[in-house]
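The lines below spell out each chain.
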Amino acid sequence: MASVKDLKTRITSVSSTQKITKAMQMVAAAKLRRARDAAESARPYATRMAAVIANLAAGVSGDGAPRMLVGTGSQQRELIVVATADKGLAGGFNGSIVRAARDYIGAQIAAGRDVSVLPVGRKARDQLKRLFGDRYIATPEAGVPSLARAQEVSDLITARFEAGETDVVTLFYNRFASVVSQVPTRQQLIPAQVAGSAPTIDLKGAGYEYEPDETTILAALLPRNLTTQILAAMLENQAGFFAAQMAAMDNATRNAGEMIASLKLIMNRTRQAQITKELIEIISGAEAL
Amino acid sequence: MADTLHFSLVSPERELFSGDVDQVDAPGSEGDFGVLPGHAPFMTTLKEGRVHVHIGGTQKVYEVRGGFADVTPQGLTILAEKADEVVL
């Protein structure tokens, strides 16, 4: 049985761990608020962009249509972008994205597809490395989401697509459903998914005028849309990460509290037992005299 | 016909302006243009430059880079890759 001193040491160590998890929880809560605001203020742009593209796509078809919209006509080569966070200590946050991506990649490879992987974030890079490390085309970090970061990733994708090295591009990230729930989500980036739900604009009978022509505008708009979608995914990831971290750290703090309580109980019992034992020794010694 | 134009200026990071205005002048890639209430549906790419927004007697100016302007009967939307308000 552990001595009173041993128990004291353990209690001290558990309470300093608790202090750390408590601090991390509070930091995550503060950052979560900021990340949610960022995700929300990026939404109008993404929504409008989707509406504009849906509008344009309806008018463009046939051979002149950009390949980013209609695809290359093949499904053989696929680039899979897996976006996670750089850091852990956030419960199952990174694990759930990686698991979803791993299952999907495995299935695509089994189906005979030519798969390459672009992990975004250190956790994706490390956790997929053993299985798919030889398929990596680059390993950018997630960092703090910004347009520049999203641009970096979208440039990698665009370059590969333009070079004719991939036909389909799929993105994995965690959609921020609520503070307690982040949903691993698969989204097709190329060919562009034209949102059927995007509000179509009522032109009241007038015809649209384009300057320059529709195809040129669309061709310029699609890479931007790609960047916007990646930025949106990064922002959702960021908000989800802090929410998951906050929950994980809240749990850890509570567990540490329970542990301290039970250790204290054992420590007090041990001390009491020792005192009782000493008293018995003294009393029986006195009686013997 | 409406006598004001609904104008919104959004960048990927935030919405800079949203509201009713009298006139917007923007730098189209094929020439600067002005939009008044009731403009015909029109879409164009933008070059780097300044967007002037006229509201009542006042004017707001934004520096924009890389974007699109979309005019619909509902109003004018400018999607700019980068946009900042210029303090006059």
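Computed from a predicted model, the values in this text were never measured in an experiment.

Engineer: Explain the overall build of chain B to me, please; I cannot follow it from the model alone.
Structural biologist: Across its full length, chain B holds zero helices and eight strands. Start at the N end of chain B and walk to the C end: the helices and strands fall as β-β-β-β-β-β-β-β. Taking the principal axes of the C-alpha coordinates as reference, chain B spans close to 30 × 25 × 25 Å. For chain B, the proportion of its 88 residues judged to be buried stands at 35%. Long-range pairs, those at least 24 residues apart, make up 46% of the contacts in chain B with a sequence separation of at least 6.

Engineer: Explain the sheet that holds strand β4 (residues 181–190) of chain A to me, please; I cannot follow it from the model alone.
Structural biologist: All names here are of chain A. If you walk across this open sheet you meet the four strands as β2-β1-β3-β4, and the pairing is mixed. Lying at the two open borders of the sheet, with one neighbouring strand each, are β2 (114–120) and β4. Taking each pair of neighbouring strands and ignoring which way they run, the sheet shows an average axis angle of 25 degrees. The pairing of strand β1 (residues 77–83) with β2 spans seven bridges and is classified as parallel.

Engineer: Sorry if this is basic, but what is going on with the interface of chain A and chain B here?
Structural biologist: How big an interface is tends to be stated in terms of accessible area lost as the parts join. Facing the 25 residues of chain A at the interface are 22 residues of chain B. The set of elements that each furnish at least two residues to the side of chain A that touches chain B consists of α1 (4–59), β5 (209–211) and α6 (214–288) of chain A. With seven residues, the top contributor of residues to the side of chain A that touches chain B is α1(A). Here the residues of the side of chain A that touches chain B are counted per class, giving 16 nonpolar, three polar and six charged.

Engineer: Honestly, the nonpolar core in this entry has me stumped. Any pointers?
Structural biologist: Across soluble globular proteins, nonpolar side chains have a tendency to be buried as a group. Core analysis: the biggest nonpolar cluster contains 88 residues, and A:Ile80, A:Val81, A:Val82, A:Ala83, A:Phe172, B:Val24 and B:Ile78 have the highest contact counts within it. It is α6(A) that provides the largest number of residues to this core, a total of 20 residues. In this structure, B:Ile78 is in contact with B:Leu9, B:Ala26, B:Val51, B:Val64, B:Gly67 and B:Ala69, ignoring residues within four places of it in sequence.

Engineer: What is the right way to read the pairing of β2(A) from this model?
Structural biologist: Here is the key point about a regular strand: its side chains alternate between the two faces of the sheet. β2(A) sits mainly inside the fold: six of its seven residues count as buried. Read as a crossover between parallel neighbours, the route from β1(A) over helix α3 (residues 93–110) of chain A to β2(A) is right-handed.

Engineer: I'm lost on the packing of α3(A) against helix α4 (residues 122–132) of chain A in this one. Help?
Structural biologist: The axes of two packed helices give the description: the angle between them and the distance between them. All names here are of chain A. Axis separation between α3 and α4 bottoms out at 10 Å; the angle between their running directions is 30 degrees. Relative to α4, α3 is oriented roughly parallel. The element α3 and its partner α4 pack so that their crossing is right-handed. Contact residues: Asn94, Val98, Arg102 and Ile105 in α3; Lys123, Ala124, Gln127, Leu128, Leu131 and Phe132 in α4. The residue makeup of the contact of α3 with α4, split by class, is six nonpolar, two polar and two charged.

Engineer: Would you mind going over the environment of A:Ala58 with me for this structure?
Structural biologist: Residues and elements named next belong to chain A. Residue position: Ala58 is located in helix α1. When the 10 C-beta atoms within 10 Å are taken as the criterion, Ala58 is described as exposed. In sequence terms Ala58 and Val194 are 136 residues apart; their C-alpha atoms lie 9.3 Å from each other.

Engineer: What exactly am I supposed to notice about the confidence of the model for chain A here?
Structural biologist: For residues with low pLDDT, the predicted coordinates do not support detailed interpretation. Mean pLDDT over chain A: 88, with 93% of residues reaching 70 or higher. Across chain A, element-level confidence peaks in α3(A) with a mean pLDDT of 94 and bottoms out in β5(A) with 78.

Engineer: Quick question: what am I supposed to make of the packing of helix α5 (residues 147–162) of chain A against α6(A) here?
Structural biologist: Residue and element names in this part refer to chain A. Orientation of α5 relative to α6, taken along the N-to-C sense of each, is 125 degrees, at an axis distance of 8 Å. In terms of their interaxial angle, α5 and α6 are classed as oblique. The hand of the α5/α6 crossing is right-handed. Every residue of α6 that contacts α5 at Leu147, Arg149, Ala150, Gln151, Val153, Ser154, Ile157 and Thr158 is listed here: Pro223, Leu226, Thr227, Ile230, Leu231 and Met234. Split into classes, the residues belonging to the contact of α5 with α6 amount to nine nonpolar, four polar and one charged.

Cut-offs applied
- Residues numbered from 1 in each chain as written.
- Chains lettered and ligands numbered in written order.
- Predicted model: local features only at pLDDT ≥ 70, side-chain atom pairs only at ≥ 80, totals over all residues.
- Helix = DSSP H or I, 4+ residues; strand = E, 2+ residues; numbered from the N terminus.
- Buried ≥ 20, exposed ≤ 12 C-beta atoms within 10 Å, placed from the backbone.
- Contact = placed C-beta atoms within 7 Å.
- Pairing = 2+ DSSP bridges.
- Axes fitted to C-alpha atoms, helices over the stretch in contact; angles between N-to-C directions.
- Nonpolar A, V, L, I, M, F, W, Y, C, P; charged D, E, K, R; others polar.
- Core = buried A, V, L, I, M, F, W, Y, C linked by C-beta atoms within 7 Å.
- Right-handed = clockwise from strand over helix to strand, strands pointing away.
- Parallel < 35°, antiparallel > 145°, perpendicular 65-115°, else oblique.
- Left-handed = near helix turned anticlockwise from the far one by under 90°.
- pLDDT = per-residue confidence, 0-100.

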